Amino acid sequence: MNETKPVEADNAEEVESRIVKAWKEARKFPAKRMVDYLGPTGIWIFAYYFSSLFIMIVLNIARLGWSLEAIFSAPTYFAQIFLNYGLNSGKVIADPLDTENDFYYQKIDFENALTSASWISAPFIIYVLGLLIAILPGSGFPQPIGDYDYLVNFRYFHHFVPFLTERANGTKGGGFYFLIAWLPIIMSVLISAFVAKRVFSGEEDQTRNVNVLKIMLFNLLIGFIIGMQMGTLTGTVMFRFGGALKSIFTSSYDNEGYFFDGQYNPNTILVISWFINFIPMSLAALWHIIYSPLEDAIIKGANNSGKWINSKRKKEAPGK
């Protein structure tokens, strides 16, 4: 019985030493940081997300005044007005049997996934629809004052929108689209390039550039989500996997897989927004390429200038 105790002790010490050795080896393993998984592309997306939320809150405070409601309701407000745009939710012709009213205010049900999760989805709704509506010449105008023709109500937002006006020549003004659509893109591009240079300092220059392919896939994904949401608000969208396979492998003339009946085709929103969102993609890619050497050149120039000034002061100092 006494002879087994030293053996057990030796085994325990051996197991313990192996655990300690394994732990030391594990600590030496070059584990990746979270930012390494995100990369410059992920940093840019997060920078856009927070920049967009910040601008929404500022604009909603300008609309309502300083309050907690203005802060916490900002994403929902902007998600609603952009999804609501063009859905004919303003004035619609009244029932012919109704002799008291010429029109009704149509109500749109906003109890859907995107607006109920607006703190997550609102920046991406703006990303897909912001530049699209800003560029289209017949859309996204401020709410008219007084009565207006229900047949052209698709031109207007049906809520008050801060800093949005209609010029005498029939174009949109007031700076709203610059603030809500352009400014978050500009801020995110500047911030992400600044952060990426410092996070990935000392590594290859190419690691500080955004991945264009990832941004293109990102544009497709959120364009599909927003398009499907707008499609279901205005009509019916159906997809049958079996019918799609049947159409592909048996008869390409009969579409039995994908059906849409409504005012806004998800495919149209997806494709058009995808092309328009080449603008922020190009800005992000170009600035990330330019920023690092530009900052290095500025710092080098400042250092050389400082050395030159110091040397000149030494030469001009009395007694030297």
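Described below are features of the structure shown in this document.

Conventions and cut-offs
- Residues numbered from 1 in each chain as written.
- Predicted model: local features only at pLDDT ≥ 70, side-chain atom pairs only at ≥ 80, totals over all residues.
- Heavy atoms only, no water.
- Helix = DSSP H or I, 4+ residues; strand = E, 2+ residues; numbered from the N terminus.
- Buried < 20%, exposed > 50% of the residue type's maximum accessible area, 1.4 Å probe, protein only.
- Contact = heavy atoms within 4.5 Å.
- Areas by Shrake-Rupley, 256 points an atom, 1.4 Å probe, with all protein chains shown as cover.
- Axes fitted to C-alpha atoms, helices over the stretch in contact; angles between N-to-C directions.
- Parallel < 35°, antiparallel > 145°, perpendicular 65-115°, else oblique.
- Left-handed = near helix turned anticlockwise from the far one by under 90°.
- Nonpolar A, V, L, I, M, F, W, Y, C, P; charged D, E, K, R; others polar.
- Patch = residues over 30% accessible without salt bridge, like charges linked within 9 Å, V, L, I, M, F, W, Y side chains within 5 Å.
- Salt bridge = Lys/Arg side-chain N within 4 Å of Asp/Glu carboxyl O.
- Phe/Tyr/Trp six-rings, centres within 6.5 Å; stacked < 30°, edge-to-face > 60°.
- Arc of directions from axis to C-beta.
- Polar contact = N/O pair within 3.5 Å; in protein donor to acceptor, adjacent residues only side chain to side chain.
- Core = buried A, V, L, I, M, F, W, Y, C linked by side-chain atoms within 4.5 Å.

## Here we look at the overall build of the chain
Of regular secondary structure, the chain possesses 11 helices and six strands. Looking at the chain residue by residue over its 320 residues, the buried ones come to 36%. When contacts within the chain are restricted to residue pairs at least 6 apart in sequence, long-range pairs at least 24 apart make up 68% of them. Accessible area for the chain stands at about 19700 Å²; split by element, carbon and sulfur atoms hold 64% of it.

## A few points about the packing of helix α6 (residues 118-135) against helix α7 (residues 176-199)
It is at 10 Å that the axes of α6 and α7 come closest, and there the two elements cross at 125°. Here α6 is positioned oblique relative to α7, judged by the angle of their axes. Seen from above, α6 lies across α7 with left-handed handedness. Taking contact as the criterion, the partners of I126, G130, L131, I133 and A134 in α6 are, on α7, Y177, I180, A181, W182 and I185. Partitioning the contact of α6 with α7 into residue classes produces nine nonpolar, one polar and no charged.

## As for unusual backbone geometry
With a phi close to 60°, F163 is a non-glycine residue in the positive phi region. For F163, the position within the fold is in the loop between α6 and β3 (165-166).

## Points about a nonpolar patch on the surface
Side chains of L286, I289, I290, L294 and I298 sit close together on the surface and give an oily, nonpolar patch of about 470 Å² of accessible area. Considering the arrangement of structural elements, one finds I298 in helix α11 (residues 278-316). For I298, a relative accessible area of 53% puts it in the exposed group.

## A closer look at the packing of aromatic side chains
This structure, assessed with the given rule, holds 17 aromatic pairs. Seen in terms of ring centroids, F82 and F176 are 6.3 Å apart; in terms of plane orientation they differ by 20°. Their pairing is stacked. A residue pair is termed long-range when its members are at least 10 positions apart, and F82 in helix α4 (residues 74-84) and F176 in helix α7 qualify at 94 residues. What makes F176 buried here is its relative accessible area of 0%. Both rings, one in W274 and one in F278, keep their centres 4.9 Å apart while their planes meet at 90°; by these two values the pair is edge-to-face. In this structure F278 comes out as partly exposed when scored by relative accessible area, which is 27%. Ring-pair connections join several aromatic residues into one group, and the members of that group are W44, Y48, Y49, F50, F124, Y127 and F218.

## Concerning helix α10 (residues 266-276)
Taken residue by residue, α10 has P266, I269, L270, S273, W274 and I276 as its buried positions. Down the axis of α10, the buried side of the element spans an arc of 160°, and every buried residue falls inside it.

## Description of the side chain of H288
Looking at where H288 falls in the secondary structure, it is placed in helix α11. Overall, H288 belongs to the buried group, its relative accessible area being 4%. A polar contact of 3.3 Å, which involves the side chain of H288, links it to the side chain of S192.

## Some thoughts on the environment of F241
Looking at where F241 falls in the secondary structure, it is placed in helix α9 (residues 241-249). The class for F241 is exposed, based on a relative accessible area of 59%. Separated by 15 residues in sequence, F241 and E256 place their C-alpha atoms 9.0 Å apart.

## Notes on the nonpolar core
Core analysis: the biggest nonpolar cluster contains 47 residues, and F78, F82, L129, F157, F176 and I180 have the highest contact counts within it. Those elements that place two or more of their residues in this core are α2 (34-64), α4, α6, α7, α8 (212-234), α10 and α11. Top contributing element to this core by residue count: α6, with 10 residues. Those residues in contact with I180, other than ones at most four positions away along the chain, are I55, M56, L59, F78, F82 and I126.

## Some remarks on the side chain of S51
Relative to the helices and strands, S51 is located in helix α2. If we skip the residues at most four places from it in the chain, S51 touches P184, M187, S188 and I191.

## A look at α4
Of all 11 residues making up α4, nine are buried, and the element is well covered by its neighbours. Within α4 the residues assigned to the buried category are A74, P75, Y77, F78, A79, I81, F82, L83 and N84.

## Description of the packing of α6 against α10
Relative to each other, α6 and α10 sit at 85°, their axes nearing to 9 Å. One finds that α6 runs roughly perpendicular with respect to α10. Where α6 abuts α10, its residues V128, L129, L131, L132 and I135 lie against I269, I272, S273 and I276.

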